[in-house]
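An overview of the molecular structure
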Amino acid sequence: MKVEYKIYNPAGNITVLVIGDKYSEEEKKKINDQIMQENKDVEQVGFLSIEEKRLTMAGGEFCGNATRCATLYYLDKANMQSELKINNQYIKTGIENDGNVWCEIPISNHKIENLDKDIYKVKLDGITIVTAKCVNQENDLKTKAKRIIEKYNLDDDAIGVMFEKEDELNNNKFILYPVVWVKSIDTLFLENACGSGTIGLSMVKSWQKNESGKYVVKQKSGEYLQTEIVIEKNRIIKAVLKGKINTDNVKRNIIIK
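Described in the following lines is the structure provided in the data block.

Reading guide: rules and limits
Residues numbered from 1 in each chain as written. Predicted model: local features only at pLDDT ≥ 70, side-chain atom pairs only at ≥ 80, totals over all residues. Heavy atoms only, no water. Helix = DSSP H or I, 4+ residues; strand = E, 2+ residues; numbered from the N terminus. Rg over C-alpha atoms; globule rule 2.2 N^0.38 Å. Buried < 20%, exposed > 50% of the residue type's maximum accessible area, 1.4 Å probe, protein only. Contact = heavy atoms within 4.5 Å. Areas by Shrake-Rupley, 256 points an atom, 1.4 Å probe, with all protein chains shown as cover. Phe/Tyr/Trp six-rings, centres within 6.5 Å; stacked < 30°, edge-to-face > 60°. Core = buried A, V, L, I, M, F, W, Y, C linked by side-chain atoms within 4.5 Å.

**Quick word on the overall build of the chain**
- In terms of regular secondary structure, the chain is built from 4 helices and 17 strands.
- Taking 2.2 N^0.38 as the reference for a compact globule, 257 residues should give roughly 18 Å; the C-alpha atoms of the chain span a radius of gyration of 17 Å, in line with that estimate.
- For the chain, the spread of C-alpha atoms along the principal axes amounts to about 50 × 40 × 35 Å.
- Counting across all 257 residues of the chain, residues that qualify as buried make up 56%.
- Once local pairs closer than 6 in sequence are excluded, the contacts in the chain between residues at least 24 apart make up 57%.
- When the accessible area of the chain is evaluated, it comes to approximately 12,100 Å², of which 42% is carbon and sulfur surface.

**Here we look at the packing of aromatic side chains**
- Overall, the coordinates contain 3 aromatic pairs when judged by the stated rule.
- Ring geometry for Tyr-73 and Tyr-74: centres 5.1 Å apart, planes at 80°, overall edge-to-face.
- Taking relative accessible area as the criterion, Tyr-73 reaches 26% and is therefore assigned partly exposed.

**With respect to the nonpolar core**
- Counting residues in each nonpolar core, the largest one holds 66 residues, and the members touching the most others are Val-18, Val-45 and Met-203.
- Of the residues forming this core, the biggest block, 5 residues, is contributed by helix H2 (residues 64–74).
- Membership of the second largest hydrophobic core comes to 18 residues, among which are Val-130, Ala-132, Ile-159 and Ile-175.

None of the figures reported here should be taken as evidence of function without further support.
Pasting the structure below:
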């Protein structure tokens, strides 16, 4: 089976988008596994519809960075806006004149809980985000993430544990170390960047202050993602993720064995 795909780099969160989505769940897993095996820096795989502007992740999760990559695939021009279909929802997306690619994050059913000291859970559509203070930022974070998932009995299709610390060089900025587990394809990654986790952390910061806010979050890769959180009547009503995306725009082929 021959598969075409493109590679995108949203702030270091290397993403493959397969062109075409007419595959069974078993075939998607095989495609995901082989692409990741042959491209060691790839952290996630999504599938693009040819018939409409629609993205489906290999594990069925919601992914902010992959949504922005799909935006770049479908629009590919500055100063454009559209809607993408993600998990039966329509997501507003667009490209700004400065090249930033943005998307709104579906948060209509979100819920934020304080699980423990400095540990918060943000329930989003398609993924659950947990934020936790990080002391030794790269000291076996995957093991720490597993412990958090087990301790708080977290069970969702996708769970992101976001270890965060303040950026000592920049006021009101944070550094993120994301670990993401996707149940259906059983992957656990210490990712270089995470859009949904960046949104989750930003929501927690605004929720704590009960104030709208704009945030700049440094990713493990050293690159930055920007967010905007809007609160009305003590409720977060809007969350936007944006940033630059690099791609060579080359179509690649792989033969799935």
